[in-house]
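Each chain, letter by letter, is given below.
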Amino acid sequence: MKKINVKFYSQESVKGNLSIYSIDIIKNKHIYQNNAALISNLYELEKKYDVEFCESFENVCIFYSNFEAINNDINLINIINKVKLGETKKVIFFQLDMNWSTGDNAVEKIENILTNYFGEHINKVIITITGLSSKHKWNKIKPIYNLGFFTYVLNKNINEVKKYDLQITNRKKWFYTTQNRIRPVRLHLYDYLIENNLLEQFEYSFFSIIENKNKEYVNWNDIIGSDEGLKTDRDFYLVKKFDNENLQDGHKDTQLVNFEKSLNTYIDLIFETSYNIYDVFPFSEKSFKGILSKKPFILFGGPDIYKGMEQLGFKNYDELIDTNEYSKHFNTKDRLKIVLESIKKICKLDIAEVEKYYIGQKEKIEHNYNRLIELINDNDKQFLDLFK
C-alpha cells in the first residue's frame, strides 16, 4: 500500500476561510456531513488504488470553489510559513466544481493573489480548474484542467446504471429533462414547452430544489438571479417532480439520473448551471448524464459547450442541433432560441423515426460512454499523481 502524506483543507465558499479536513474523518467514513461527496471520494480513492492518506504537512491540498474568495486566514498563514521553512513541498489548490472566476482579468488576478501569498515559492503551487479553456493566458503558473470531484457523482451513477438494460427500445417519449433550480433559462424552457404543447413528449421534472419544499407553484419572482431578458408572462408554473421519486436531499438526490424515466425516452435535454461564462467551458455532472444513460443529447450552456465536449473526446449529435451555429452566439437568448427550435423540430417527428435515429447512433453512443469511463479513471489517477 502506497502512503500519501498530505494535509487536507476545504475552503468556505463565501468567506473563503480554510477548514481542516482530518484524515480521521476520511477513515471513519463520516460521509453524511458537509462536503460528503469530497470525503466519500477520498475514501473511495483509497480503496480503488490501494493508497493511504497520512496526516502530514509534506503536501497540502486545499479544496476550493471560488478562488477569489480565498483570504489570508490563520490556516493559510500557517501553510505559507511551512512552505518557506521547507516543511511543505507542495501546495495544491484543487477546484471541486465549476464556479470559475469570470472577467477579463481573472487569470491575472489569481496569479497576483498566489504571488502575493507565496512570493518566490510560487513554483511550489499547483492549481486545478474544473473545466477547459484555450483562451486563458497563464504566465507564472501552469494550471491543470480536469473534472474536479464530479467523478464521485459520475461513479455513483455508473454503479446505479448497471441495474438497467440501456439497450431497450419501444420507448414512449422523445425527451428526458430535469431542471432543478429555478433559473431564467429553465423557466423560459418550461414556458416554451407549455406554450407549444410539447410536455406530453417529455419525461420531465421542473424545480425539485426550492426553499419551500411544500410549494406547488412558482412564478417569475422565484427565479435565481436577474431575468436576463427572458421574462415570461404566465402567472404560475406547476412544480413537477417525478412520481417515482421521494427526494430526501434535493441537491444530492437530483445528481443521480432517474433511469426508470430516462430509459422511457430517446434523447436527453440538458441545461447546464453556468451558461454566461465565455473564457472557459465549465461543466458539472449534468453535461455527462446523457452519456451515462447511453443516449443522444442536446446541451444548453455557454457558447463553447459543444467545442468543449469535442475537446474532451466526445462526439456531438449535430443532426439534433446545429452546434456550429450555436457556438457563434454569445447572446444567451440567441443560443436558447436555437435549442428551443431544435426541440420543436424533433418533436414533430413520429416516435418511430426518433427510435430509428437512436438505433442508428449506437456506435457514437458507445464511444461516448467508453470515453467518459476513460476520463473518470484518468482524472482519479491524475489527482493521486499530484502528490508525487
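The structure contained in this document is the topic of the report that follows.

So, how was this worked out
Residue positions within a chain follow its written sequence, with the count starting from 1. In keeping with the predicted nature of the model, local features appear solely for residues at pLDDT of at least 70, side-chain atom pairs appear and are counted solely at 80 or more, and the whole-chain, interface and lining totals rest on all residues. Excluded from the side-chain calculations are hydrogens and water; all other atoms, namely the structure's heavy atoms, are used. Strands are labelled as partners when DSSP assigns at least two bridges between them. Counting from the N terminus, the helices are the DSSP runs of H or I reaching at least four residues and the strands are the DSSP runs of E reaching at least two. Lines fitted to C-alpha atoms define the axes, with helix axes restricted to the stretch in contact, and inter-axis angles between N-to-C directions lie between 0 and 180 degrees. Contacts between residues were defined by any pair of non-hydrogen atoms, one from each residue, lying within 4.5 Å. By the criterion applied in these results, polar contacts are pairs of N or O atoms within 3.5 Å in which, for protein atoms, one can donate a hydrogen and the other can accept it, and in which residues neighboring in sequence qualify only through two side-chain atoms. Expected helix span is given by 1.5 Å per residue-to-residue step, counting one fewer step than there are residues. Only protein chains enter the calculation, and the probe is 1.4 Å; a residue is then buried if its accessible area is under 20% of its type maximum, exposed if over 50%, and partly exposed in between. It is the directions from the helix axis to the C-beta atoms that the arc portrays. Space inside and on the surface of the protein is sampled on a 1 Å grid over the protein atoms alone, with a cavity defined as a set of points where a 1.4 Å probe fits but cannot get out and a pocket as an open set with protein on both sides within 12 Å along at least 5 of 7 lines; lining residues have an atom within 4 Å of a point. Grid points are joined across faces, edges and corners, and a volume is the space filled by probe spheres set on the points. By definition, no residue in a patch forms a salt bridge, and every one has over 30% relative accessible area; like charges are joined within 9 Å, nonpolar side chains (Val, Leu, Ile, Met, Phe, Trp, Tyr) within 5 Å. Every accessible area reported is derived by Shrake-Rupley at a probe size of 1.4 Å, with residue values counting cover from the shown protein chains alone. When a carboxyl oxygen of Asp or Glu lies within 4 Å of a side-chain nitrogen of Lys or Arg, that pair is called a salt bridge. When two rings of Phe, Tyr or Trp (its six-membered ring) have centres within 6.5 Å they constitute a pair, described as stacked for plane angles under 30 degrees, edge-to-face for angles over 60, and tilted for the intermediate range. Definition used: whenever NZ (Lys) or CZ (Arg) falls within 6 Å of the ring centre and also within 35 degrees of the ring normal, the charge is taken to sit over that ring.

Another aspect to go through is the sheet that holds strand β7 (residues 173-179). As summarised here, the arrangement of the four strands in space is β8-β7-β11-β12, forming an open sheet in which the pairing is parallel. Each edge of the sheet is formed by a strand with only one pairing partner; in this case those strands are β8 (202-206) and β12 (297-300). Neighbour-to-neighbour, the strand axes of this sheet turn through a mean angle of 15 degrees, independent of strand direction. Sheet topology places β7 next to β8; five bridges connect them, and they run parallel. The partner of Phe-175 across the bridge, within β8, is Phe-202. Docked against the sheet, helix α13 (residues 351-360) engages β7 and β11 (265-271), running at close to 80 degrees with respect to β11.

In this structure, Asp-322 sits in the loop between α10 (305-311) and α11 (323-327). Separated by 20 residues in the primary sequence, Asp-322 and Ser-342 have C-alpha atoms spaced 8.3 Å apart. Within the structure, the side chain of Asp-322 is placed 3.3 Å from the backbone nitrogen of Asn-324, a separation counted as a polar contact.

Given 3.6 residues per helical turn, the α-helix brings residues three or four places apart onto the same face. Over its twelve residues, helix α3 (residues 74-85) extends 17 Å from the first C-alpha to the last, a length consistent with the 16 Å expected when each residue adds 1.5 Å. Buried residues of α3: Asn-75, Leu-76, Ile-79, Ile-80, Lys-82 and Val-83, and no others. Down the axis of α3, the buried side of the element spans an arc of 160 degrees, and every buried residue falls inside it. Counted as exposed and oriented over 90 degrees from the buried face of α3: Ile-74, Lys-84 and Leu-85. Its buried side turned inward, α3 meets β1 (2-11), β2 (18-21), β3 (51-64), β4 (90-95) and α4 (106-118). With its phi angle positive at about 85 degrees, Gly-86 sits one or two positions after the end of α3.

Right, let's get into empty space enclosed by the protein. Within the structure shown, the criterion is met by three cavities of 30 Å³ or more. Taken as a whole, the largest cavity spans an internal volume of roughly 120 Å³. Taken together, Tyr-176, Thr-177, Thr-178, Asn-180, Asp-268, Leu-269, Ile-270, Phe-271, Lys-286 and Lys-289 make up the lining of the largest cavity. At four residues, β11 tops the list of elements feeding residues into the lining of the largest cavity.

Residues Tyr-217, Phe-236 and Leu-238 make up a contiguous nonpolar surface patch of about 300 Å² in total accessible area. Mapped onto the elements of the fold, Leu-238 is located in strand β10 (residues 237-238). With a relative accessible area of 40%, Leu-238 lands in the partly exposed category.

Moving on, we come to helix α12 (residues 332-347). In this model α12 runs 23 Å from its N-terminal to its C-terminal C-alpha over 16 residues, within 8% of the 22 Å that 1.5 Å per residue would give. Taken together, the buried positions of α12 are Thr-332, Arg-335, Leu-336, Ile-338, Val-339, Leu-340, Ser-342, Ile-343, Ile-346 and Cys-347. With a side-chain oxygen lying 2.9 Å from the backbone nitrogen of Lys-333, the N-terminal cap of α12 falls on Asn-331.

Under the definition given, this model contains 29 aromatic pairs. Measuring from centroid to centroid gives 6.3 Å for Phe-93 and Phe-118, while their planes differ by 80 degrees, and the two rings are edge-to-face. Separated by 25 residues along the polypeptide, Phe-93 in strand β4 and Phe-118 in helix α4 bring together distant segments of the chain. On the basis of relative accessible area, Phe-93 is assigned to the buried category, the value being 1%. Seen from their ring centres, Phe-288 and Phe-314 are 5.8 Å apart, and the 50 degrees between their planes marks the pair as tilted. Taken together, the positions of Phe-288 in the loop between β11 and α9 (289-292) and Phe-314 in the loop between α10 and α11 put the pair 26 residues apart, joining distant regions of the chain. Both residues of the pair, Phe-288 and Phe-314, count as buried. Taken together, the ring pairs connect Phe-8, Phe-53, Phe-63, Phe-94, Phe-149, Phe-383 and Phe-387 into an aromatic cluster. Across from the ring centre of Tyr-369, 4.5 Å away, lies the NZ or CZ of Lys-294, which sits over that ring. In this structure, Lys-364 is placed above the aromatic ring of Tyr-317, and the distance from its NZ or CZ to the ring centre is 4.8 Å.

Turning our eyes to something else, we now look at the pattern of salt bridges. Inspection of every chain in the model, using the stated rule, returns 17 salt bridges. In this structure, Asp-380 engages Lys-48 in a salt bridge whose closest nitrogen and oxygen atoms are separated by 3.7 Å. Highlighted residues: Asp-380 in helix α14 (residues 362-385) and Lys-48 in helix α2 (residues 36-49), separated in sequence by 332 residues. Among the residues examined, Asp-380 registers a relative accessible area of 3% and is labelled buried. What makes Lys-48 partly exposed here is its relative accessible area of 45%. Linked by salt bridges that have partners in common, Asp-191, Glu-195 and Arg-234 make up one network.

Here we come to the sheet that holds β2. Judged by pairing direction, the sheet is mixed, and its six strands sit side by side in the order β2-β1-β3-β4-β5-β6 without closing on themselves. Two strands close off the open sheet at either side, each with one partner strand: β2 and β6 (144-146). Averaged over all neighbouring strand pairs, the angle between strand axes comes to 35 degrees, with direction disregarded. As paired strands, β3 and β4 are joined by six bridges and run parallel to one another. Bridged to Tyr-64 within β4 is Gln-95. Packing of α3 onto the sheet brings it into contact with β1, β2, β3 and β4, and relative to β3 it is tilted by some 120 degrees.

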